[in-house]
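# Structural overview
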Amino acid sequence: MEKVIGIDLGTTNSCVAIVENGTPVVIPNRGGYKTTPSMVAVTEAGKRLVGHIAKRQAITNAENTVYAAKRLIGRKWNSPQVKNAVATSSYRIVEGPHNDVRIVLRDKEFSVPEISAMVLQEMKVIAEDYLGESVSKAVVTVPAYFNDNQRQATKDAGEIAGLDVIRIINEPTAAALSYGFGRNIEKTVAVYDFGGGTFDISILEIGAHGVFKVIATAGDTFLGGEDIDARIIDWLVSGFKEEHNIDLRQDRMALQRLKDAAEKAKCELSSVRETEVNLPFIISSGRNEALHLQRTLTRQTLEELSEDLVERTVDICKQTLEDAKLGKDEIEEVVLVGGMTRMPKIQSAVQAFFEKEPNKGVHPDEVVALGAAIQGAALVDDKQEMVLLDVTPHALGIMTFGSYFEELIPQNTTVPTHRTKIFTTSRDNQTAVKILVMQGESQRAEENELLGEFILTGLRRAPKGQVEIEVTFEINADGIVSVRAKDLETGLEQSIQVTATSGLTREEIKTMMDNAKDDLVDRRTTEEFEAAKQEAEKLIGEIEKLFPQVQQIVASSDFGRDAIEKARAIVEKARAAIERRDAAAVKEQIEGLTRTHRMFKGVVAKT
Ligand code: AMP
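This write-up is about the structure you can find in this document. (Residues numbered from 1 in each chain as written. Predicted model: local features only at pLDDT ≥ 70, side-chain atom pairs only at ≥ 80, totals over all residues. Heavy atoms only, no water.)

Counting its regular elements, the chain contains 14 helices and 28 strands. The principal-axis extent of the C-alpha atoms belonging to the chain is close to 110 × 60 × 55 Å. The buried share among the 607 residues of the chain stands at 53%. Accessible area for the chain stands at about 27,700 Å²; split by element, carbon and sulfur atoms hold 47% of it. (Helix = DSSP H or I, 4+ residues; strand = E, 2+ residues; numbered from the N terminus. Buried < 20%, exposed > 50% of the residue type's maximum accessible area, 1.4 Å probe, protein only. Areas by Shrake-Rupley, 256 points an atom, 1.4 Å probe, with all protein chains shown as cover.)

In structure tokens form, the structure reads like this:
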């Protein structure tokens, strides 16, 4: 049976899992870590770096290192969230050709799906290394509160990475799948998912025979650990300003160091009560003197700094319970997901609200990927008994005359679903109608997200209100929407799948796919080369050290001189191969270098 991997494409970290012999397991990367930073960088030499290797160089290459790209995926350039990211990111964000967002790395512009594709590709490679075979199918998770554009852009990222994303599922739903998998329980659970960039809450009923039914979901796609980090940064920056009258934000490298230190302090404060932020040589005073930043942050201060953010998550929980028409006492279990739920204040706030101790039995960083893998396996294996019924996180409808939003599918409707409504023309002799497809909760159309538009033309001429148009909305299991409009009298029909606004055209995706393939080959050989180079250089160094001694011992015989010359030639060849960055040639020379090294050591040992 074909293997399907489950990928949790996180704001801060990503994780990949698979079901092996009926058991879901997380796949560690080559460094042995179960999660990989969702970071991408381009070095001065033009090399792309992904994951830990990108994170390690983030401070010295701040401008060309992307983090938290998920916050930008599927967003429009003029959205407030993008404006905020432009102001606070250490990398450059510019306007793309389709009112979308591009990120500049070393003078080259990348779309956000392209950046996310690099992370997905890395996760694919981690899985392939582990399995020893290539993988092409994946289930990728997204925050439950992602709208259609963000989902579509995530699918595009998968395609660019060479993955067939067979299903997009919601993160809290994936967590619930993992929580309930194989346990044969019947329970109503709330999944509180607070990650690096997003907050989600879902309420599910886990029923007999593997039925997982989402009752309600809500969240905020711009509320996460990054915002808490930002509060700590603000606190550090303003303290420094008071003391030295220097704004650290002006310096990208200082900002990146602050970001790192803020996150580190935040994580430490989950286990200790106070921690020291210590950043020597953070900036120059301008008078030829380096300034240091040193401040003690207590858990209490952190809790004060982030109080309103935690409160916001609780308010969303409250609203979701109301939407689900459930009382707190009807929630039998609260499952915590996402790295931020390690913060004691968050745990106590959740406990205080739901009036019960949250379940800490699931691993907050791994549970989502495990759930995605479980869903992946169920999709290709008919024998697995599992039914997943998710809901649409936002209402769907169209804009009607007077800029009103007319809802067709309410929020929290179980998907897949379809709904039909009849509209009429708004003017006399109107021969065309424009259908603007929207997603959101506001009655005022302009406050909602525009998903796409199309025009139904060729309507028969008639007084206003007399031509009836039937509009049908359909949401498939991925949560992706299609819309059909039909003139009921003539049967004239027009439809769209709402995909156009992910920010990329088909041609662009195709080109990016080709580029990503090149990059994969490129990256793999680079790693191979670096490993070979390291080994060869180590051997050359040792041989060089032994040369004078060996020369002295063997120079008196022809045989000895010949051996020395051969050794020199091997070293020269290896050096040339390193210079040419030719991995295969370096590897070829390693054998000769090893032999020479052994021989040299033998000669020296014998004397
Ligand atoms: P996720 O998106 O689930 O990987 O969550 C990542 C977020 O969790 C980041 O903002 C991390 O800084 C945060 N995080 C990870 N570990 C801890 C911890 N021990 N205490 C507080 N926050 C943490």
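Text resumes after the structure shown.
Our focus in this paragraph is the sheet that holds strand β14 (residues 199-207). Reading across the sheet, the six strands line up as β18-β13-β14-β15-β19-β22 and stay open at both edges, with mixed pairing between neighbours. Whereas interior strands pair on both sides, the edge strands pair on one side only; in this sheet they are β18 (333-337) and β22 (414-415). Relative to β18, strand β13 (residues 187-194) runs parallel, the two sharing five bridges. Along β18, the bridge assignment pairs V189 with E333. Strands in contact with helix α5 (residues 171-180) are β13, β14, β15 (211-220), β18 and β19 (387-391); relative to β14, the strand with the most contacts, it is inclined by about 40 degrees. (Pairing = 2+ DSSP bridges. Contact = heavy atoms within 4.5 Å. Axes fitted to C-alpha atoms, helices over the stretch in contact; angles between N-to-C directions.)

At a closest axis distance of 9 Å, the pairing of helix α6 (residues 225-244) and helix α7 (residues 252-268) adopts a crossing angle of 115 degrees. Judged on the interaxial angle alone, α7 and α6 are roughly perpendicular. The crossing of α6 and α7 is right-handed. Here α6 contributes G225, E226, I228, D229, I232, I233, L236 and V237 to the contact with α7, which in turn contributes L255, L258, K259, A262, E263 and K266. A per-class count over the contact of α6 with α7 returns eight nonpolar, one polar and five charged. (Parallel < 35°, antiparallel > 145°, perpendicular 65-115°, else oblique. Left-handed = near helix turned anticlockwise from the far one by under 90°. Nonpolar A, V, L, I, M, F, W, Y, C, P; charged D, E, K, R; others polar.)

On to the site of the ligand. Surrounding the ligand, one finds 13 residues, the nearest of these being G196, E263, K266, S270 and G339. Within the backbone of G196, an N or O atom sits 2.8 Å from an oxygen atom of the ligand. K266 is positioned with one of its side-chain polar atoms (N or O) 2.7 Å from an oxygen atom of the ligand. Across the complex, the protein chains shield 86% of the 510 Å² of accessible surface that the ligand would expose by itself. Here the element with the most residues in the shell around the ligand is α7; it accounts for three residues. Of the residues in the shell around the ligand, the class split is two nonpolar, eight polar and three charged. (Near = heavy atom within 4 Å. Polar contact = N/O pair within 3.5 Å; in protein donor to acceptor, adjacent residues only side chain to side chain.)

With that settled, the discussion passes to the state of the cysteines. Tallied over the entire structure, the rule returns zero disulfides. Between C15, a free cysteine, and C267, which holds the nearest cysteine sulfur, the sulfur-to-sulfur gap is 16 Å. (Disulfide = S-S within 2.5 Å.)

For helix α4 (residues 148-160), which comprises 13 residues, the first-to-last C-alpha distance of 18 Å matches the rise-based estimate of 18 Å (1.5 Å per residue) to within 8%. Burial of α4 is extensive: eleven of the 13 residues sit out of reach of the surface. Taken together, the buried positions of α4 are occupied by D148, N149, Q150, R151, Q152, A153, T154, D156, A157, G158 and I160. The backbone nitrogen of N149 has a side-chain oxygen 3.0 Å away, supplied by the residue at the start of α4, namely N147. Among the residues trailing α4, G162 stands out with phi positive, at a value near 80 degrees. (Expected span 1.5 Å × (residues − 1).)

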